[in-house]
Amino acid sequence: MKKIAVLVVDGVEEVECLTTVDFCRRAGIDVTTVSVNGKKQIRGSHDIIFHTDTVYDEVDFDIYDGIVYPGGPGTAALGDAKGTRALAERFLNEGKLVAAICAAPGMLSETGLIKGRTATGYPGCKPEGGAVWTEHTTETDGNLVTGKGPGAASYFALAVIRYLLGEEKEAEIYASTMMP
């Protein structure tokens, strides 16, 4: 069974975070929500309060196949949290999934972590750093999956599923959630 960790902080864009968690769990991926600010209760960017499974300091990231960075107004705090950018670098270098949506791809780009990689993100959150930005809903470049923003959350989650479990599972989850 594939395992991913979704890193969250106060100010996270709820739809990006929780849609990814929901779709991935429907696909059979073991998803752990991880608070990076030391408390399990999170207040999202639209005042939705939810609880994470655990906190960052209690996680052994060696057991995960990927990490997800949702966006939102809390993205700067997510990027500033101890170890989160180094974790992205480690996963990218190890060939493990790094998925980021909305402002989070920009947070990774500004460090140079995704230099030369094709990515998408929220308009206005695409800083210098060498990423090749597109306006597509999602982008997959090797082990990097990126999404444009809240309206792309379903497609972003499906891209994560496709990367981890293949096109057949993605199609199954698409058919059961998107009502084609």
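Residues numbered from 1 in each chain as written. Predicted model: local features only at pLDDT ≥ 70, side-chain atom pairs only at ≥ 80, totals over all residues. Heavy atoms only, no water.

A. View of the sheet that holds strand β1 (residues 3-8). Pairing in this open sheet of seven strands is mixed, and the strands run β5-β2-β1-β6-β7-β11-β10 from one edge to the other. With one partner strand each, in any of the chains shown, β5 (54-55) and β10 (138-141) form the two edges of the open sheet. Taken together, the two bridges between strand β2 (residues 30-35) and β5 define a ladder with parallel strand orientation. Directly across from Val34, in β5, lies its bridge partner Thr54. (Pairing = 2+ DSSP bridges. Helix = DSSP H or I, 4+ residues; strand = E, 2+ residues; numbered from the N terminus.)

B. The nonpolar core, seen in detail. Membership of the largest hydrophobic core comes to 27 residues, with the highest contact counts inside it found for Ile4, Val6, Val160 and Ile161. For this core, the leading source of residues is helix α5 (residues 153-165), giving seven residues. Beyond its immediate sequence surroundings of up to four residues, Val6 is in contact with Cys17, Val21, Val31, Thr32, Thr33, Val34, Val68 and Pro70. Of all hydrophobic cores here, the second largest spans 26 residues; its members include Tyr56, Leu87, Val98 and Ile114. (Core = buried A, V, L, I, M, F, W, Y, C linked by side-chain atoms within 4.5 Å. Buried < 20%, exposed > 50% of the residue type's maximum accessible area, 1.4 Å probe, protein only. Contact = heavy atoms within 4.5 Å.)

C. A look at the packing of aromatic side chains. Within the structure shown, the criterion is met by two aromatic pairs. Measuring from ring centre to ring centre gives 5.1 Å for Tyr56 and Phe61, while their planes differ by 45°; the resulting arrangement is tilted. On the basis of relative accessible area, Phe61 is assigned to the buried category, the value being 7%. Among the aromatic residues, those joined into a cluster by ring pairs are Tyr56, Phe61 and Tyr64. (Phe/Tyr/Trp six-rings, centres within 6.5 Å; stacked < 30°, edge-to-face > 60°.)

D. Main features of the packing of helix α1 (residues 14-26) against α5. It is at 9 Å that the axes of α1 and α5 come closest, and there the two elements cross at 40°. The angle between α1 and α5 falls in the class oblique. The crossing of α1 and α5 is right-handed. Contacts from Val15, Glu16, Thr19, Thr20, Phe23 and Cys24 of α1 reach α5 at Ala153, Ser154, Phe156, Ala157, Leu158, Val160 and Ile161. (Axes fitted to C-alpha atoms, helices over the stretch in contact; angles between N-to-C directions. Parallel < 35°, antiparallel > 145°, perpendicular 65-115°, else oblique. Left-handed = near helix turned anticlockwise from the far one by under 90°.)

E. Representation of the pairing of strand β11 (residues 144-147) within the structure. The side-chain alternation of β11 yields two buried faces, one formed by Leu144 and Thr146 and the other by Val145 and Gly147. With four bridges joining them, strand β7 (residues 97-101) and β11 adopt parallel strand pairing. Looking at the pairing, Val98 lines up with Leu144 of β11. With four bridges joining them, β10 and β11 adopt antiparallel strand pairing. Within the sheet, the bridge partner assigned to Asp141 lies in β11 and is Leu144. Linking β10 back to β11 in an antiparallel pair, the connection comprises two residues, with Gly142 at a positive phi of about 65°.

F. Just the packing of α5 against helix α6 (residues 167-177), in detail. Where α5 meets α6, the axes come as close as 7 Å, and the angle between the chain directions of the two elements is 150°. Our classification of the angle between α5 and α6 gives roughly antiparallel. As for the relative orientation of α5 and α6, their crossing is right-handed in sense. Where α5 abuts α6, its residues Tyr155, Leu158, Ile161, Arg162 and Leu165 lie against Glu167, Lys169, Glu170, Ile173 and Tyr174.

G. Seen up close, the pattern of salt bridges. By the definition in use, this model includes 13 salt bridges. Salt-bridge contacts for Arg162 lead to Glu170; the nearest nitrogen and oxygen are separated by 2.6 Å. For Arg162, a relative accessible area of 28% puts it in the partly exposed group. The buried category is assigned to Glu170, whose relative accessible area is 17%. (Salt bridge = Lys/Arg side-chain N within 4 Å of Asp/Glu carboxyl O.)

H. Here's a closer look at α6. Taken residue by residue, α6 has Glu170, Ile173 and Thr177 as its buried positions. Down the axis of α6, the smallest arc covering the buried residues is 70°, so these residues share one side. Exposed residues lying more than 90 degrees from the buried face of α6 are Glu167 and Glu168. Backbone geometry just downstream of α6 places Met179 in the positive-phi region, at approximately 45°. (Arc of directions from axis to C-beta.)

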